[in-house]
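Observations on chain architecture
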Amino acid sequence: MTASLPSSPWAGRLRGLGAALFSLAATLLGLLFVTFIIGRVVPIDPVLAIVGERATEAQIAATRTALGLDQPLWQQFLIFVGNALQGDLGTSIRTGEPVLQAVSRAFPATLELATLATIIGVLAGVPAGVLAATRPGSLADHIVRLVGLMGYSMPVFWLGLIGLLLFYGVLGWVGGPGRLDAAFDMMYEFEVTPVSGMILIDTALAGRWDMFVNAISHLILPAGLLGYVSMAYISRMTRSFMMNELGQEYITTARVKGMPEWRVIWVHAMRNVLVPLITVIALSYAYLLEGSVLTETIFAWPGLGSYITDALMVNDMPAVLGGTVVVGVAFVLLNLLSDLLYRLVDPRAR
Amino acid sequence: MTLLSVKNLRVSFDTEAGLVEAVRGVSFSLGRERLGIVGESGSGKTMTGRSVLRLVRPPGRIEAEEMRFDGQDLMALSERDMRRLRGPRIAMVMQDPKYSLNPVMKVGDQLMEGLRQRDRLSRSEARAKAVAALEAVQIRDPERVLEAYPHELSGGMGQRVMIAMMLIPNPDLLIADEPTSALDVTVQAEVLSILDGLVRDRGMGLIFISHDLRLVARFCDRVLVMYKGRVVEELAARDLLAARHPYTQGLLNCLPRIGGDRGPLPGLDRNAEWAR
Ligand SMILES: Nc1ncnc2c1ncn2[C@@H]1O[C@H](COP(=O)(O)OP(=O)(O)OP(=O)(O)O)[C@@H](O)[C@H]1O
Ligand SMILES: [Mg+2]
């Protein structure tokens, strides 16, 4: 009667890592494939979009060759993949700027907003869910449920407009649309080195606390709004996961040992709640990364959502596809991260 | 020298399907001795044991005319005082280690938790005690087991970890719920002799819940036979195998006998009268 302990934990972990990397590569290739196909099936002629309606036959043919559109489809795909791997996502028709350059300016703005919102969602949602789960049927439980329900059912753009009107327009407590006051916009451009592209990080690194505070006043409303949506989801899931864990036998074991209730909940149960909760948090984060278009529009937030929507309005397909690829890559990486964390918290998954 | 006295204990669950009475007026007292509790599945053995720790979870409700442990009225204690008793004074070996150990915590952290949190021992001191506790229950590679997670243990290994964990704080009263069902005969004998030693030398009180009537007859001093939440018979353990109550005889007949004739398994004779 001996325990079947794994002989070498590293062998298993390496195999897991290899599999994860392989599936990562496969997913990215699939992502490029789908994006490529979308680019070919939309009824927008990429050549006409560039040269315009009144171009000559010769101009059209030349552009066609330059874009590689006279090649067989599979070769076009290989070129597309090759370019993408070298960081070439094409050139925006609207601005003539390389898509990657524009996207690497827009993406950090979205990332900053979504990250702050997720932090707010977790810091508020997890304790709220735990509170509700430990006192089911109590007043606190009902309040958490009601607040969560509102987060689910209220349209974000409506909440955003009301928030702007009230806190910016009437009360003047927060900064308005955009990432900084107009007065700071120029200063930021010239005086702060863009290390991460996220204003909070870059101004902090540069020691420009005046700008940092201003950026927070602009961030707080959209981030709070998205954080509220995230909190609604996270608190509801935390409540149900926690209820489930508190019904397990090992909880009684911890109490038999005389452990205080805070430890039973926040150590014994919480470690088990984390296993499914990590996936929930990652999903909510991904949703905010790709789905905050409306919020970005209302708050004039120069993020990826705004960039893609603006490009879509003028049939700027390279910009749309490039932006989509970046969103997809972020999604895949987030997935990988949540998978790694999952293995970290659940020994049975290793 | 009574350690624990229980009078008219009742445990009921107010469920949507109606009131379930799991324990219906159980009384017993326990000295520094080995008290066995036997009975068919669902007869209320586990609920009786958990009531002593006041750890029946809602919607379960515990009522008792008296539940006195070492001079203290358990029903009247605050939750805070009750928590002080759990672990170092009263402990319970949980029935199924597969579900009763935290699946995402290392076995070692679970074993050392009381020593670290309550007794404030250093990591190395706690570890030394945990190793000794595992060795006492015949685990040969304690260092490896400390680093393992519960799902990496066999059933018998899990049971021994559970026993070691509950014995570490030296409780005065141990409630052991089917503690040796997954152990092979030699390890079982070893574990029983440890428990026996604690009762004899340290004066620990032991409530030994089991399905195995022959084991209880051999190991315990007295036995409660439970049926549908009631004690139908209380007798000296040595008299158990010759019990005359028809329910107890039924339980005995259900025991598989090595070398016995392989007739059809006798059904357990039940009579609503016994549960009155
Ligand atoms: N949460 C609950 N809701 C309703 N009834 C319950 C609940 N928990 C336990 N019971 C009932 O309590 C009764 C006694 O259960 P208990 O676990 O004490 O039995 P047991 O004698 O330990 O059985 P076993 O030998 O299978 O362990 C059972 O009939 C069960 O249906
Ligand atoms: Mg039981």
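Residues numbered from 1 in each chain as written. Chains lettered and ligands numbered in written order. Predicted model: local features only at pLDDT ≥ 70, side-chain atom pairs only at ≥ 80, totals over all residues. Heavy atoms only, no water.

1. Let's talk about the overall build of chain A
In terms of regular secondary structure, chain A is built from 15 helices and zero strands. By its C-alpha atoms, chain A is 85 × 65 × 40 Å across when sized along the principal axes. For chain A, the proportion of contacts with a sequence separation of at least 24, taken over those separated by at least 6, is 71%. In the form shown here, chain A has an accessible surface area of approximately 18100 Å², with 69% of it arising from carbon and sulfur atoms. Each charge class in chain A can be summarised by its mean position, and for the 20 positive and 23 negative side chains these summaries are 15 Å apart. (Helix = DSSP H or I, 4+ residues; strand = E, 2+ residues; numbered from the N terminus. Contact = heavy atoms within 4.5 Å. Areas by Shrake-Rupley, 256 points an atom, 1.4 Å probe, with all protein chains shown as cover. Lys, Arg positive; Asp, Glu negative; His and termini not counted. Charge placed at Lys NZ, Arg CZ, Asp CG, Glu CD.)

2. A short note on helix H11 (residues 249-256) of chain A
For an α-helix, 3.6 residues make a turn, and residues three or four places apart therefore share a direction. Residues and elements named next belong to chain A. Within H11, seven of the eight residues are buried, which leaves it mostly tucked inside the rest of the structure. Looking only at H11, the buried set comprises Tyr-250, Ile-251, Thr-252, Thr-253, Ala-254, Arg-255 and Val-256. Just downstream of H11 lies Gly-258, where phi reads positive at about 85°. (Buried < 20%, exposed > 50% of the residue type's maximum accessible area, 1.4 Å probe, protein only.)

3. Notes on the pattern of salt bridges
By the definition in use, this model includes 31 salt bridges over all chains. For Glu-112 of chain A, the salt bridge identified is with Arg-179 of chain A, shortest N-O distance 2.8 Å. Here Glu-112 of chain A is found in helix H5 (residues 99-134), whereas its partner Arg-179 of chain A is found in the loop between helix H7 (156-170) and helix H8 (182-191), with 67 residues between them in sequence. Within this structure, Arg-34, Asp-196, Arg-200 and Asp-221 of chain B form a network of salt bridges that share partners. (Salt bridge = Lys/Arg side-chain N within 4 Å of Asp/Glu carboxyl O.)

4. Overview of the coordination of the magnesium ion (ligand 2)
Donor atoms from the polypeptide that coordinate the magnesium ion (ligand 2) comprise Thr-46 of chain B (OG1) and Gln-95 of chain B (OE1), at 1.9 to 2.4 Å from the metal. Pair noted here: Thr-46 of chain B is in helix H1 (residues 45-52) and Gln-95 of chain B is in the loop between strand S7 (90-93) and helix H3 (97-100), with a separation of 49 residues, a long-range link. (Donors = N, O, S within 2.8 Å, 3.2 Å for Na, K, Ca; no water.)

5. Focus on the domain arrangement of chain A
All names here are of chain A. Domain annotation of chain A identifies domain 1 (19-70) and domain 2 (102-349). On the side of domain 2, ten residues touch domain 1, which itself brings eleven residues to the contact. Roughly 940 Å² of surface becomes buried between domain 1 and domain 2 when both sides are summed, with 91% attributable to carbon and sulfur atoms. The interface formed by domain 1 and domain 2 contains zero salt bridges. (Domains from an automatic or database assignment. Buried area = accessible area lost by both parts, 1.4 Å probe.)

6. Description of unusual backbone geometry
In this model, Pro-58 of chain B is joined to Pro-59 of chain B through a cis peptide bond whose omega is 10°. Looking at the element boundaries, Pro-59 of chain B is found in the loop between H1 and strand S4 (60-63). Notably, Asn-315 of chain A is not glycine yet its phi reads approximately 55°, a positive angle. Relative to the helices and strands, Asn-315 of chain A is located in the loop between helix H14 (304-313) and helix H15 (317-345). Residue classification places Asn-315 of chain A among the partly exposed positions, given a relative accessible area of 40%.

7. Side note on the UniProt feature "domain: ABC transporter" (unreviewed entry) in chain B
Residues annotated by UniProt as "domain: ABC transporter" (unreviewed entry) correspond here to residues 4-253 of chain B. Measuring from the first to the last C-alpha atom of residues 4-253 of chain B gives 32 Å, for a span that is 38% helix and 27% strand. (UniProt positions renumbered as here; feature names shortened; annotations may be inferred.)

8. A few points about the packing of aromatic side chains
Tallied over the entire structure, the rule returns seven aromatic pairs over all chains. Among the aromatic residues, ring-to-ring pairing joins Phe-33, Phe-36, Phe-77 and Phe-80 of chain A into one connected group. Against the face of Phe-219 of chain B rests Arg-34 of chain B, its NZ or CZ located 5.5 Å from the ring centre. (Phe/Tyr/Trp six-rings, centres within 6.5 Å; stacked < 30°, edge-to-face > 60°. Lys NZ or Arg CZ within 6 Å of the ring centre and 35° of its normal.)

9. Remarks on the environment of Thr-46 of chain B
Residue and element names in this part refer to chain B. The class of Thr-46 is buried, set by a relative accessible area of 18%. On a C-alpha basis, the gap between Thr-46 and Asp-70 in space is 22 Å, while along the polypeptide they are 24 residues apart. The residues touching Thr-46, leaving out its near neighbours within four places in the chain, are Met-92, Gln-95, Asp-177 and Ile-209. Of note is the side chain of Thr-46, whose polar atom sits 3.1 Å from the side chain of Gln-95. (Polar contact = N/O pair within 3.5 Å; in protein donor to acceptor, adjacent residues only side chain to side chain.)

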